[in-house]
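Reading the structure
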Amino acid sequence: MYSNYTGTTKCLDLDSDPAGDLGMTGWDFQACTEMILPIASNKSEDMFPTEVFDLKALVAFCEKKWDSTARPYWLKHFFGGMDGADFSGYSNIFFSNGRLDPWAAGGTAIIDDEFCLSDCPNILIADGAHHLDLRASNPADPDSVLVARKLEVEAIKRWTTSTHKTEL
C-alpha cells in the first residue's frame, strides 16, 4: 500500500525503504527492542533478497542504532508463547487474522477453545490483509472484513456490558 499508493510505480525496489516518512521509525524501534522477529529470505523460496537471520548481529545493530537494550525474548516472556504455556486464565481477547496478510502463517488460526478461560473469538478473514479490520471503513472493504468488524464490536459490547453488570 505505501509502496505504490500513487499507482505510478512500475517496479518495486525491494532494497529501498518504500515507506519514506510514513512512520516506520516507531516500528523500527519496537522491532529492535520488543518484537524481534526471526525473519530470513533466500530468493529460492520467496521473492526477497537473500538475508540470513543473525540474532547477535541484529541485537548489536539495534543497540547501536537506538542506544537502547534489545530484548529479543521480551515478547515471549511478557505475553507467553505457544509452546505449552498455560493460557487457560485468559479471557476477552478477539483474535483476527487476514488470509491475505503475509504474517498469517504465524497467526492464531490454530487456537482452539481450550486456549482461554472464556470468550476468545478467533476469526480468519478470507479477504483481509494485515489488520485491515482495525482500520477505518472504506467503500472498497470486502464483505469478510465488514463481518469481522461486526463480530469484534459485538464481542467488545458483550465484554463491557457483562463487566458493567458485575460491578453494580
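This text follows the structure it describes.
Report follows, based on the coordinates.

Considerations on the overall build of the protein chain
- Along its length, the protein chain carries 4 helices and 2 strands.
- Listing every helix and strand of the protein chain by position from the N terminus yields α-α-α-β-β-α.
- For the protein chain, buried positions account for 20% of its 168 residues.
- Across the protein chain, contacts joining residues at least 24 apart in sequence account for 56% of those joining residues at least 6 apart.
- As presented, the protein chain carries roughly 12,400 Å² of accessible surface, and 58% of it is formed by carbon and sulfur atoms.

A short note on the state of the cysteines
- All chains considered together, the criterion is met by 1 disulfide.
- At a sulfur-sulfur separation of 2.1 Å, the disulfide partner of cysteine 32 is cysteine 62. Taking the sign of the S-S torsion, about -65° here, the bridge from cysteine 32 to cysteine 62 comes out left-handed. With cysteine 32 in helix 1 (residues 24–33) and cysteine 62 in helix 2 (residues 55–66), the pair connects residues that are 30 residues apart, well separated along the chain.
- The class for cysteine 32 is buried, based on a relative accessible area of 2%.

Considering the side chain of aspartate 101
- Turning to its location among the elements, aspartate 101 is positioned in the loop between strand 1 (95–98) and strand 2 (122–125).
- Although aspartate 101 lies buried, it forms no salt bridge, and the closest oppositely charged side chain, arginine 135, sits 8.7 Å away as judged by the N-O distance.
- Among all residues touching aspartate 101, those that are not within four sequence positions of it are Gly128, Ala129 and His130.

Overview of the environment of histidine 131
- Examined against the element boundaries, histidine 131 turns out to sit in the loop between strand 2 and helix 4 (143–167).
- The sequence separation of histidine 131 and asparagine 97 amounts to 34 residues, and the corresponding C-alpha distance is 7.5 Å.
- Separated by 3.3 Å, the side chains of histidine 131 and arginine 135 make a polar contact.

Notes on the packing of aromatic side chains
- Per the counting criterion, the structure on display carries 1 aromatic pair.
- An angle of 80° between the planes, with centres 5.2 Å apart, marks the rings of phenylalanine 29 and tryptophan 66 as edge-to-face. Placement of the pair is phenylalanine 29 in helix 1 and tryptophan 66 in helix 2, with a sequence separation of 37 residues.
- Take phenylalanine 29: its relative accessible area is 36%, and that puts it in the partly exposed class.

A look at unusual backbone geometry
- With a phi close to 65°, lysine 43 is a non-glycine residue in the positive phi region.
- The topology assignment puts lysine 43 in the loop between helix 1 and helix 2.
- Taking the relative accessible area as the measure of exposure, lysine 43 reaches 57% and is therefore exposed.
- Even without being a glycine, histidine 131 presents a positive backbone phi close to 40°.

Side note on the pairing of strand 2
- Where burial is concerned, the two faces of strand 2 differ: the one with Ile123 and Ile125 is buried and the one with Asn122 and Leu124 is not.
- Bridge count between strand 1 and strand 2: 4 bridges; the pairing is parallel. Looking at the pairing, serine 96 lines up with isoleucine 123 of strand 2.

Some thoughts on helix 2
- For helix 2, which comprises 12 residues, the first-to-last C-alpha distance of 16 Å matches the rise-based estimate of 16 Å (1.5 Å per residue) to within 8%.
- You can read the cap of helix 2 off the contacts: a side-chain oxygen lies 3.2 Å from the backbone nitrogen of lysine 56, and it is on aspartate 54.
- One or two residues past the end of helix 2 sits aspartate 67, with phi positive at roughly 50°.

What counts, and where the lines are drawn
- Residues numbered from 1 in each chain as written.
- Predicted model: local features only at pLDDT ≥ 70, side-chain atom pairs only at ≥ 80, totals over all residues.
- Heavy atoms only, no water.
- Helix = DSSP H or I, 4+ residues; strand = E, 2+ residues; numbered from the N terminus.
- Buried < 20%, exposed > 50% of the residue type's maximum accessible area, 1.4 Å probe, protein only.
- Contact = heavy atoms within 4.5 Å.
- Areas by Shrake-Rupley, 256 points an atom, 1.4 Å probe, with all protein chains shown as cover.
- Disulfide = S-S within 2.5 Å.
- Lys, Arg positive; Asp, Glu negative; His and termini not counted.
- Salt bridge = Lys/Arg side-chain N within 4 Å of Asp/Glu carboxyl O.
- Polar contact = N/O pair within 3.5 Å; in protein donor to acceptor, adjacent residues only side chain to side chain.
- Phe/Tyr/Trp six-rings, centres within 6.5 Å; stacked < 30°, edge-to-face > 60°.
- Pairing = 2+ DSSP bridges.
- Expected span 1.5 Å × (residues − 1).

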